[in-house]
Amino acid sequence: MLNLPAWQRCLDAEFGAPRPGHYRAQPEDFVVDEQLDFTPENHGEHLWLRLEKRHQTTLDVVKSVSRLCGVTLRDVGYSGMKDRVAVTRQWLSVHLPGREAPSDLSASLAALGITVLAQARHPRKLKRGVHRTNHFTLRLSGEALEENHFFDRWQALCHQGVPNYFGPQRFGPGGRNLQRAEALLAKGWRKRDDRQGMMLSTARSFLFNELLSERLADGSWCQPLAGDMLMLDGTHSVFTVDSVDDDLIGRAAALDIHPTGALWGVGELAEYQVADYEKRLLACHPMLCEGLVKSGVKRSHRALRARLISPSIETLPNAVVLSFSLPRGSFATAVVSELIAHPDFA
């Protein structure tokens, strides 16, 4: 049975391991604000709702909106999954052609702990992965703040970026989602057993984290290698390099480009230096890799590094408040893990 690997940090070699700390003791310590790069057009068949929630998953909110509006779950759209133990703000869309939402919708949602912040009509359903970034406001406390190098660690992350791990919430409590994914792929993946594709996503996330850990271990996680598919910062545009020159090294140091790792699936393996990492991954986890290929999911790539966008830090009595944005799909827990020791990252 697969177990989650130990979470590795990029700063320990320079500063040593961080001391224990606390985060997300209450939802208000972990605030997530989903950012689109457009606004609804104020007309169309879909009602878009900007909602704030606490102690609920995005799917919990989708189910509530579906029930209250009298539509199917497929009629409710959202861009990204947000944390449960957090204050999160995001848009959802509801397909309501030719009719209005119930007049008491806002009050009914408020009774469930969900606040309607804004609403507008739009011609199209909100699709997965449409948002550009997530903005985070995080409160950290504990012994880690007494460490001499705490602020040095933060500045280093601002300067060099953060290992782009999938966070522990992707794998479920105790890694149970990973164990479910392993069992499903072992018997042969079928869509009827995994309607939302969450088990495929869990398996691909685990393999990506394994590859990232290996490149962290040898220091190549933020440096281009021959055979790398490089991603332009702030986009999902990629290009493959057969060799590395000073220009590419300089662009990587300036956070203009990032090495990527495979999200496993149907497609060609990497070549040159990067091929060795993928071959070792395949040798260590043949069932997962082969099961993903048999499922038909297409191979894609994810940046090994995430850049902190507009980072800032505020010092409070016995706490600090971090503020930054990350590209969609990147996890704030990857940032937190570099600053404090916590059981979530053990």
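No experiment lies behind these values; they were computed from the predicted model shown.

K.L.:
Even after reading the chapter, I still don't get the overall build of the protein chain, so can you show me in this structure?
P.N.:
For the protein chain, the helix and strand inventory stands at 10 helices and 15 strands. Taken over the C-alpha trace, the protein chain has a radius of gyration of 21 Å; the compact-globule value for 346 residues is 20 Å, and the two agree within 12%. When the backbone C-alpha atoms are referred to their principal axes, the protein chain occupies close to 60 × 55 × 40 Å. A total of 346 residues make up the protein chain; the buried ones form 50% of that total. Residue pairs in contact within the protein chain that sit at least 24 positions apart in sequence constitute 80% of those at least 6 positions apart. Put simply, the protein chain has 41 plus and 40 minus side-chain charges, and the middle of one group is 9 Å from the middle of the other.

K.L.:
What's the story with the side chain of S141 in this structure? I'm lost.
P.N.:
If you trace the backbone, S141 turns up in strand β7 (residues 133-141). On the accessibility criterion, S141 (14% relative accessible area) is buried. Once you skip the residues sitting within four places of it in the chain, S141 turns out to touch G21, H22, N318 and A319.

K.L.:
In this structure, what is going on with the pattern of salt bridges? I would like to understand it.
P.N.:
For side chains bearing opposite charge, pairing can occur when the charged atoms are close. Summed over the entire model, instances satisfying the criterion amount to 20 salt bridges. Two residues, D12 and R9, come together in a salt bridge whose shortest N-O distance is 2.9 Å. For R9, a relative accessible area of 22% translates into the label partly exposed. For D228, the salt bridge identified is with R215, shortest N-O distance 2.9 Å. Placement of the pair is D228 in the loop between α6 (198-217) and β9 (229-232) and R215 in helix α6, with a sequence separation of 13 residues. Taking relative accessible area as the criterion, D228 reaches 0% and is therefore assigned buried. On the basis of relative accessible area, R215 is assigned to the buried category, the value being 1%.

K.L.:
I'm lost on the pairing of strand β15 (residues 319-327) in this one. Help?
P.N.:
Look at any regular strand and the pattern is simple: side chains alternate between the two faces of the sheet. Here β15 lies mainly inside the structure; 8 of its 9 residues are buried. Alignment of β7 against β15, held across 8 bridges, turns out to be antiparallel. Bridge assignment links R139 to a residue of β15, and that residue is V321. Of the pairings in the sheet, the one linking strand β14 (residues 309-316) to β15 comprises 6 bridges and is antiparallel in character. Counted as the bridge partner of I313 is L322 from β15. What sits between the antiparallel neighbours β14 and β15 is a turn of 2 residues, in which N318 has the positive phi angle 65 degrees.

K.L.:
Mind showing me how you'd approach the nonpolar core here?
P.N.:
Side chains of a nonpolar character, in soluble globular proteins, are inclined to be buried together. In terms of nonpolar packing, the biggest core is built from 60 residues, with L140, F324, V335 and L339 touching the most fellow members. Ranked by residues supplied to this core, first place goes to α6 with 9 residues. For L339, the contacting residues outside a window of four places in its chain are P18, L140, A144, F150, R153, W154, L157 and L322. In this structure, V71, V94, L96 and L109 belong to the second largest nonpolar core, which totals 17 residues.

K.L.:
Even after reading the chapter, I still don't get the sheet that holds strand β10 (residues 238-240), so can you show me in this structure?
P.N.:
Paired through their backbone hydrogen bonds, the strands of a sheet run either parallel or antiparallel. Taken together, 4 strands build an open sheet; the order of strands is β10-β9-β11-β12 and the sheet is antiparallel. In this open sheet, the two strands that pair with only one neighbour each are β10 and β12 (300-303). The average undirected angle you get between the axes of adjacent strands in this sheet is 45 degrees. Judged from the 3 bridges that link them, β9 and β10 form a sheet pairing that is antiparallel. From the neighbouring strand, M229 faces β10, where its bridge partner is T240. Relative to the sheet, α6 contacts β11 (257-263) and β12, its axis offset from that of β11 by approximately 135 degrees.

K.L.:
Help me out: how do you make sense of the packing of aromatic side chains in this one?
P.N.:
For any pair of aromatic rings, the description consists of the separation of the ring centres together with the inter-plane angle of the planes. By the definition in use, this model includes 10 aromatic pairs. Both rings, one in Y23 and one in F345, keep their centres 5.7 Å apart while their planes meet at 25 degrees; by these two values the pair is stacked. In this pair, Y23 is assigned in strand β1 (residues 22-23) and F345 in the segment after α10 (332-339), connecting sequence segments 322 residues apart. The class for F345 is buried, based on a relative accessible area of 3%. When the ring centre of F30 is taken as origin, the NZ or CZ atom of R24, which lies over that ring, is 4.2 Å away. Between R215 and the ring centre of Y277, over which it is positioned, the NZ or CZ distance is 5.4 Å.

K.L.:
Any chance you could explain the pairing of strand β2 (residues 30-35) here in plain terms?
P.N.:
Across the 6 residues that make up β2, a large majority, 5, are buried. One ladder, built from 6 bridges, connects β2 with β7; its direction is antiparallel. Bridge pairing in β7 places V32 opposite F136.

K.L.:
Which parts of the structure should I look at to understand the packing of α6 against helix α8 (residues 272-284)?
P.N.:
Between α6 and α8, the least distance of the axes is 10 Å, while the angle of their chain directions is 130 degrees. When the interaxial angle is binned, α6 and α8 end up oblique. The way α6 lies across α8 gives a crossing that is right-handed. When α6 is examined against α8, the residues L207, E210, L211, E214 and R215 are found in contact with a partner set consisting of V274, Y277, E278, R280 and L281. Of the residues in the contact of α6 with α8, the class split is 5 nonpolar, no polar and 5 charged.

What counts and what doesn't
- Along every chain, residues carry numbers that run from 1 in the direction the sequence is written.
- Two thresholds apply to this predicted model, a pLDDT of at least 70 for residue-level local features and 80 or more for giving and counting side-chain atom pairs, whereas whole-chain, interface and lining totals are computed over all residues.
- As a convention, hydrogens and water are excluded, and side-chain values are obtained from all of the structure's heavy atoms.
- Helix and strand labels come from DSSP, where a helix needs a run of H or I of at least four residues and a strand needs a run of E of at least two; each type is numbered from the N terminus.
- The globule rule is 2.2 Å times the number of residues to the power 0.38, and the radius of gyration it is compared with is taken over C-alpha atoms.
- Whether a residue is buried, partly exposed or exposed follows from its accessible area with a 1.4 Å probe, protein chains only, as a fraction of its type maximum: under 20%, in between, or over 50%, in that order.
- Pairs of residues are marked as contacts when any of their non-hydrogen atoms sit within 4.5 Å.
- As used throughout, the charge tally considers Lys and Arg to be positive and Asp and Glu to be negative, leaving His and the chain termini uncounted.
- We put the charge of a Lys on NZ, of an Arg on CZ, of an Asp on CG and of a Glu on CD.
- The salt bridge definition used is simple: a Lys or Arg side-chain nitrogen within 4 Å of an Asp or Glu carboxyl oxygen.
- By this definition, two strands are paired if DSSP reports at least two bridges between them.
- Residue types Ala, Val, Leu, Ile, Met, Phe, Trp, Tyr and Cys, when buried and joined through side-chain atoms within 4.5 Å, form a set referred to as a nonpolar core.
- In this analysis, axes come from line fits to C-alpha atoms, helices being fitted only over the stretch in contact, and the angle between any two N-to-C directions falls in the range 0 to 180 degrees.
- Here is the rule: rings of Phe, Tyr and Trp (six-membered ring for Trp) pair when centre to centre is within 6.5 Å. Planes less than 30 degrees apart are stacked, more than 60 are edge-to-face, and the remainder are tilted.
- Charge over a ring is defined by NZ of Lys or CZ of Arg lying within 6 Å of the ring centre and within 35 degrees of the ring normal.
- By the definition adopted for this analysis, an angle is roughly parallel if under 35 degrees, roughly antiparallel if over 145, roughly perpendicular if from 65 to 115, and oblique otherwise.
- Left-handed describes a crossing whose near helix is turned anticlockwise from the far helix through less than a right angle; right-handed describes the clockwise counterpart.
- Under the scheme applied here, ten amino acids are nonpolar (Ala, Val, Leu, Ile, Met, Phe, Trp, Tyr, Cys and Pro), four are charged (Asp, Glu, Lys and Arg), and all others, including Gly, are polar.

These figures capture arrangement, not role.
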